[in-house]
Amino acid sequence: MTTTSAHRPPDVLPQARDLQQPSLSRTALAGLAVVVLLVTSGLFAVTDLAGRAGFVVVATLLYVAAQTAVSRVVEGGRRSVDRLVTTAVIASFLIALAPLISVLLYTAEQGLTRFDWDFFYRSLRSIGARDPGGGANHAIVGTLQQVGLATLMSVPLGLLVAIYIVEYGRGRLAATIRFFVDVMTGIPSIVAGLFVLSFWILGLGFGYSGFAAALALTVLMLPVIVRSAEEMLKLVPNDLREASLALGVPRWRTILSIVLPTALPGVVTGIMLAVARVMGETAPVLLTAFGTASIVRSPFEGPQSSLPLFIYQEAASPQGTAISRAWTAALTLILVIMVLNLLARLVTRRSTLKK
Amino acid sequence: MSLGSLPPVTTDPASARPGAPDQPVPSLPRTAGRTAERRGDRAFRGLSLSAGLSLLGIILAIAVFLVVKAIPALQDNTASFLTDRVWDPNNAQPAFGIVALAFGTVLSSVLALLMALPVALGVALFISHVAPRRLAGVLGYVIDLLAAVPSVVYGLWGIFFLNDKVVVASAFLHEHAGWFPLFGGDDIFGRSIFLASIVLAIMILPIIASLSREVFLQVPVSQQEAALALGATRWEMIRTAVLPFGKPGVIGATMLGLGRALGETIAVAIVLSPAFVVSLDILSTNSGNTIAANVALGFAEASSTGRGALIASGLVLFAITLVVNVIARAIIYRRREFAGAL
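The numbering scheme is per chain: residues are counted from 1 as the chain's sequence reads. In the order they appear in the text, chains get letters beginning with A and ligands get numbers beginning with 1. The predicted origin of the model limits local features to residues at a pLDDT of at least 70 and limits the giving and counting of side-chain atom pairs to 80 or more, whereas totals for whole chains, interfaces and linings rest on all residues. In computing side-chain values, all of the structure's heavy atoms are included and hydrogens and water are not.

Q: Talk me through helix α13 (residues 307–315) of chain A; I want residue IDs and the actual numbers.
A: Per-residue accessibility, obtained with a 1.4 Å probe over protein chains only, is compared with the maximum for each type, and a residue is labelled buried under 20%, exposed over 50%, and partly exposed between these values. A run of DSSP states H or I qualifies as a helix once it reaches four residues; a run of E qualifies as a strand once it reaches two. Both are numbered from the N-terminal end. For α13(A), a buried count of eight out of nine residues is recorded, marking the element as mostly surrounded by other parts of the structure. Three or more residues of α13(A) are buried, namely Leu307(A), Pro308(A), Leu309(A), Phe310(A), Ile311(A), Tyr312(A), Glu314(A) and Ala315(A).

See the structure below:
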């Protein structure tokens, strides 16, 4: 009732401890997990539930339910929803990881049985599906030639397009080209194959060949290279261009000797990723190079094979020997692509340009 | 730092400095060197412009050549291309229609999207907002590796490893939820549309995840901190600040994933047991086929008309994916800040 009471701290001032919301400790959550595991094991022992995958699913669902319930009681509704979402987010990451690990392990396991000298030094010439031995030398030669030719064609063209967009392009035309580069990245690979089939093979009358496959791969590589080169050229500081121009260097020489070298590591990364991408393409190669069992040294003479095509055609056989050749080719392909990806990442690290 | 975008280069030094003393610029070796410079510039500019135009030309040529090579087969077709559910183009009386293939293509892709989208969003949020900062880059790279595995390897894995497991799951679903329209049907022996769409989902997941992740990472920190300062939990912050900001980007990424699923060929060709039917029984063997897979499967033994028919179906696929991609890009382009990331 006195006037001083307003200035005095009220007797019911909450302790600091009370201000903190109660929260579940890690120990409590771990305990909960143990309880859930025990309960699930009990369930699997008593009922007719069975199987490892089933156990994981049931245990996870039970744990999520239990955690949400306990958290709701102890921490309140909002915090329990937060926990539920966090668990779901972590779970989705693990779900996404599962097929990657499974594919890699299974391919390694199946592929190692034929990962031998013969596989890399022999072809499938006069080797039937049931015959042991035989190899993918012809397919490896084909892949290298087709991807190499596609790179030779798409890199200069792609770099020029990127240079046009970044260095010269103004207004609607540049915007249109940029837009269609993006649209082109979405063209299905089979459509690229059908295009080369109707244009080069049926239209102009050239036969199936490694070069035709390279044309189809070029259509697929081009937009990827343009996009990555464009990003990298944009990162080059304008100061560099201005300094060079101020010294009287013509614009084209500025681009070739200042801008491109500065952007080079990023551009190389983009090229390597594009190579890694088209190296695994099967459908366009099937429609344009068709495939063969022999080593064809020239990409301009008749049907050629490629590693992905080799996998596809060997896997179509019901024979185990052919299928294990397919797995070894798959393992080889994955290894090459992973190495390319890793190298691309290392090259980026050396770049001085950062986003 | 930088002076903004560069003005077009002016090679005339007098116009560059309007306020400069009114004396003639000392004549530099201008004639020979200067014109060579100009010529070099003009040539290089012309070269890069023609490269850009040739890219537009390629896209145009794809449409033109597919149409030209499809027309003869379409003229020989004894069935209606747009409405009949039959695919027999190698016959003396060629008969083929796109309906069953287009239906299978869209059905498998939409199912794949339904499976991939929630997981991909979870992965994107995990890497952008939940995982420890130092690990986030590496974990993102690991998920990107999913996109590096060639589709033919997914096909191989799908048919030799996944198929058996999907048969078990399919039988379970059919037994316990057979009343649901998608889970009806008989002949649950694998190689179904369900298996194909699971494989497709795995293949488009990294695309949607990595694009969504980039978008989520661009949400202004100030907005996220404001939400947290108001007492929001992490989920409430994500719901109120991150998701609304990222929505157009996520929609664009989803459309790109859909485009990829629609055009995926070899994995589907390997895992699917093809049938020219319009059926919702996704668990059944012989539950459908897709345009792209049909091209790969039918190409080797196609007659001249048969090839034309496959090209015609490819034209339909090209048109569908073009529309999907243009819509996706248009959505992304409306939000300029995403355009760089995607």
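Q: Run through the interface of chain A and chain B, naming residues and quoting values.
A: Note on contacts: a residue pair qualifies if any of its non-hydrogen atoms lie within 4.5 Å across the two residues. Taken together, the contact pairs 87 residues of chain A with 88 residues of chain B. What gets called buried area is simply the loss in accessible area from a 1.4 Å probe that two parts show on being joined, summed for both. Taken as a group, Phe93(A), Tyr168(A) and Tyr312(A) account for 8% of the area that chain A buries against chain B, more than any other trio of residues on that side. Criterion for a salt bridge: a side-chain nitrogen of Lys or Arg within 4 Å of a carboxyl oxygen of Asp or Glu. In this assembly, chain A and chain B are joined by two salt bridges. Close ionic contact of Arg78(A) with Glu236(B) constitutes a salt bridge, the shortest N to O distance being 2.7 Å.

Q: Give me the environment of Ala95(B): which residues, what numbers.
A: Residues and elements named next belong to chain B. Within the secondary structure, Ala-95 sits in strand β2 (residues 95–96). Along the primary structure Ala-95 and Arg-85 are separated by ten residues, whereas in three dimensions their C-alpha atoms are 9.5 Å apart. Discounting chain neighbours no more than four positions away, the residues touching Ala-95 are Asn-77, Thr-78, Ala-79, Val-86, Trp-87, Asp-88 and Pro-89.

Q: Summarise the domain arrangement of chain A; cite the residues concerned and give the values.
A: Residue and element names in this part refer to chain A. Residue ranges assigned to each domain were obtained from an automatic or database domain assignment. Considered domain by domain, chain A is made up of domain 1 (23–113) and domain 2 (121–350). Spacing between the C-alpha centres of domain 1 and domain 2 amounts to 41 Å. Contacts between the two partners involve eight residues from domain 1 and, on the opposite side, seven residues from domain 2. Buried area between domain 1 and domain 2, summed over both chains or domains, comes out near 620 Å², and the portion from carbon and sulfur atoms is 80%. At the junction of domain 1 and domain 2, the tally comes to zero salt bridges. Residues are sorted three ways: Asp, Glu, Lys and Arg are charged, Ala, Val, Leu, Ile, Met, Phe, Trp, Tyr, Cys and Pro are nonpolar, and all the rest, Gly among them, are polar. Grouping the constituent residues of the side of domain 1 that touches domain 2 by class yields four nonpolar, four polar and no charged.

Q: Tell me about the pattern of salt bridges, and name the residues and values.
A: Two side chains with opposite charge may pair up if their charged atoms get near one another. Inspection of every chain in the model, using the stated rule, returns 16 salt bridges over all chains. Between Arg213(B) and Asp144(B) there is a salt bridge, with its nearest N and O atoms 3.5 Å apart. Residue Arg213(B) is found in helix α6 (residues 193–217), and its partner Asp144(B) is found in helix α4 (residues 133–148); the two are separated by 69 residues along the sequence. Classification of Asp144(B) as partly exposed rests on a relative accessible area of 29%. One salt-bridge network, held together by shared partners, links Arg178(A), Asp182(A), Arg227(A), Glu230(A), Glu231(A), Lys234(A) and Arg329(B).

Q: Talk me through the packing of aromatic side chains; I want residue IDs and the actual numbers.
A: For this analysis, a ring pair means two rings from Phe, Tyr or Trp (six-membered ring only for Trp) whose centres lie within 6.5 Å, classed as stacked if their planes differ by under 30 degrees, edge-to-face if by over 60, and tilted for the remaining angles. Overall, the coordinates contain 27 aromatic pairs over all chains when judged by the stated rule. What links up through ring pairs into an aromatic cluster is the set Phe195(A), Phe199(A), Trp200(A), Phe206(A), Phe211(A), Phe300(A) and Phe65(B). Over the ring of Tyr141(B) we find Arg345(A), and its NZ or CZ is 4.3 Å from the ring centre. Whether a charge lies above a ring is judged from NZ of Lys or CZ of Arg, which has to be within 6 Å of the ring centre and within 35 degrees of the ring normal. Over the aromatic face of Phe161(B) sits the side chain of Lys165(B), whose NZ or CZ is 4.2 Å from the ring centroid.

Q: Report on unusual backbone geometry, specifying residues and quantitative values.
A: All names here are of chain B. We note that Arg-191 has phi near 55°; this positive angle belongs to a residue other than glycine. Looking at where Arg-191 falls in the secondary structure, it is placed in the loop between α5 (151–177) and α6. Within the chain, Asn-286 stands out as a residue other than glycine whose phi angle is a positive 60°. By secondary structure assignment, the location of Asn-286 is in the loop between α9 (266–271) and α10 (291–298).

Q: I'd like to hear about the packing of helix α3 (residues 99–130) of chain B against α4(B), residue by residue, with values.
A: Residues and elements named next belong to chain B. Relative to each other, α3 and α4 sit at 150°, their axes nearing to 8 Å. Compared by their axis directions, α3 and α4 come out roughly antiparallel. Contact residues: α3 offers Val-123, Phe-126, Ile-127 and Ser-128, while α4 offers Arg-133, Ala-136, Leu-139, Gly-140 and Ile-143. Grouping the amino acids of the contact of α3 with α4 by side-chain chemistry returns six nonpolar, two polar and one charged. Simply put, an axis is a line fit to the C-alpha atoms, just over the touching stretch for a helix, and the angle between two N-to-C directions goes from 0 to 180 degrees. Throughout this description, any angle smaller than 35 degrees is read as roughly parallel, any larger than 145 degrees as roughly antiparallel, any in the 65 to 115 degree range as roughly perpendicular, and the remainder as oblique.

Q: Summarise helix α11 (residues 251–279) of chain A; cite the residues concerned and give the values.
A: When the terminal C-alpha atoms of α11(A) are compared, their 36 Å separation across 29 residues is substantially less than the 42 Å that a helix rising 1.5 Å per residue should span. Fitting axes to the seven residues that end at a residue and to the seven that start at it, the angle between those axes gives the bend at that residue. The sharpest bend along α11(A) comes to roughly 60°, located at Leu264(A), with the proline Pro265(A) sitting one to four residues further on. One less than the number of residues in a helix, times 1.5 Å, gives the span that helix is expected to have.

Q: Talk me through the nonpolar core; I want residue IDs and the actual numbers.
A: The tendency in soluble globular proteins is for nonpolar side chains to be buried as a group. Residues belong to a common nonpolar core when they are buried Ala, Val, Leu, Ile, Met, Phe, Trp, Tyr or Cys residues joined through side-chain atoms within 4.5 Å. Tyr312(A), Ile62(B), Tyr154(B) and Ile282(B) are the most contacted members of the largest nonpolar core, which totals 196 residues. When residues in this core are grouped by element, the largest group, 17 residues, is from α6(B). Domain assignment of the residues forming this core places at least three in each of domain 1 (23–113) and domain 2 (121–350) of chain A. Leaving out residues up to four positions away in the same chain, Tyr312(A) has contacts with Thr282(A), Leu286(A), Val152(B), Ile266(B), Ala269(B), Ile270(B), Ala296(B) and Leu297(B).

Q: Go over the environment of Glu236(B), please, and point to the residues and values.
A: By secondary structure assignment, the location of Glu236(B) is in helix α8 (residues 234–263). For Glu236(B), a relative accessible area of 15% puts it in the buried group. Separated by twelve residues in sequence, Glu236(B) and Gln224(B) have C-alpha atoms that sit 9.9 Å apart. Those residues in contact with Glu236(B), other than ones at most four positions away along the chain, are Arg78(A) and Gly231(B). A polar atom in the side chain of Glu236(B) sits 2.8 Å from the backbone nitrogen of Thr233(B). Identification of polar contacts relies on pairs of N or O atoms within 3.5 Å, with a donor-acceptor requirement for protein atoms, meaning one able to donate a hydrogen and the other able to accept it, and with residues adjacent in sequence counted only if both atoms are side-chain atoms.

Q: Describe a nonpolar patch on the surface, and please don't skip the residues or the numbers.
A: Residues and elements named next belong to chain A. Nonpolar side chains collect at one region of the surface, where Val-35, Val-39, Leu-43, Leu-49 and Leu-62 lie side by side and expose about 360 Å² of accessible area between them. When residues in the nonpolar patch are grouped by element, the largest group, three residues, is from helix α2 (residues 26–46). By secondary structure assignment, the location of Val-35 is in helix α2. Note that patches include only residues with greater than 30% relative accessible area and no salt bridge, and the join distances are 9 Å for like charges and 5 Å for nonpolar side chains (Val, Leu, Ile, Met, Phe, Trp, Tyr). All accessible-area figures derive from a Shrake-Rupley calculation using a 1.4 Å probe, and residue coverage is judged against the displayed protein chains alone.

Q: Give a detailed account of the confidence of the model for chain A, specifying residues and quantitative values.
A: Detailed conclusions should not be drawn from predicted coordinates in areas where pLDDT is low. Predictor confidence is given residue by residue as pLDDT, running from a minimum of 0 to a maximum of 100. Per-residue confidence for chain A averages 89 on the pLDDT scale, and 93% of its residues sit at or above 70. Within the model, pLDDT remains below 50 along residues 1–6 of chain A, and this stretch shows zero contacts once partners closer than five positions in the same chain are excluded.

Q: So, the environment of Ile258(A): which residues are in play, and what are the values?
A: Residues and elements named next belong to chain A. On the secondary structure map, Ile-258 appears in helix α11. Sequence separation between Ile-258 and Phe-55 is 203 residues; the distance between their C-alpha atoms is 61 Å. When residues no more than four places from it in sequence are discounted, the contact partners of Ile-258 are Leu-240, Ser-244 and Arg-253.

Q: Would you mind going over the packing of helix α14 (residues 320–350) of chain A against α4(B) in detail, with residue names and values included?
A: α4(B) packs onto α14(A) with a crossing angle of 140° between their chain directions and a minimal axis gap of 11 Å. Viewed along their axes, α14(A) and α4(B) form a crossing whose handedness is right-handed. For the pair formed by α14(A) and α4(B), the contact residues are Ile337(A), Met338(A), Asn341(A), Leu342(A) and Arg345(A) on the first element and Gly137(B), Tyr141(B), Leu145(B) and Ala148(B) on the second. For the contact of α14(A) with α4(B), the class distribution of residues is six nonpolar, two polar and one charged. When the near helix sits turned anticlockwise from the far one by under a right angle, the crossing is termed left-handed; a clockwise turn instead gives a right-handed crossing.

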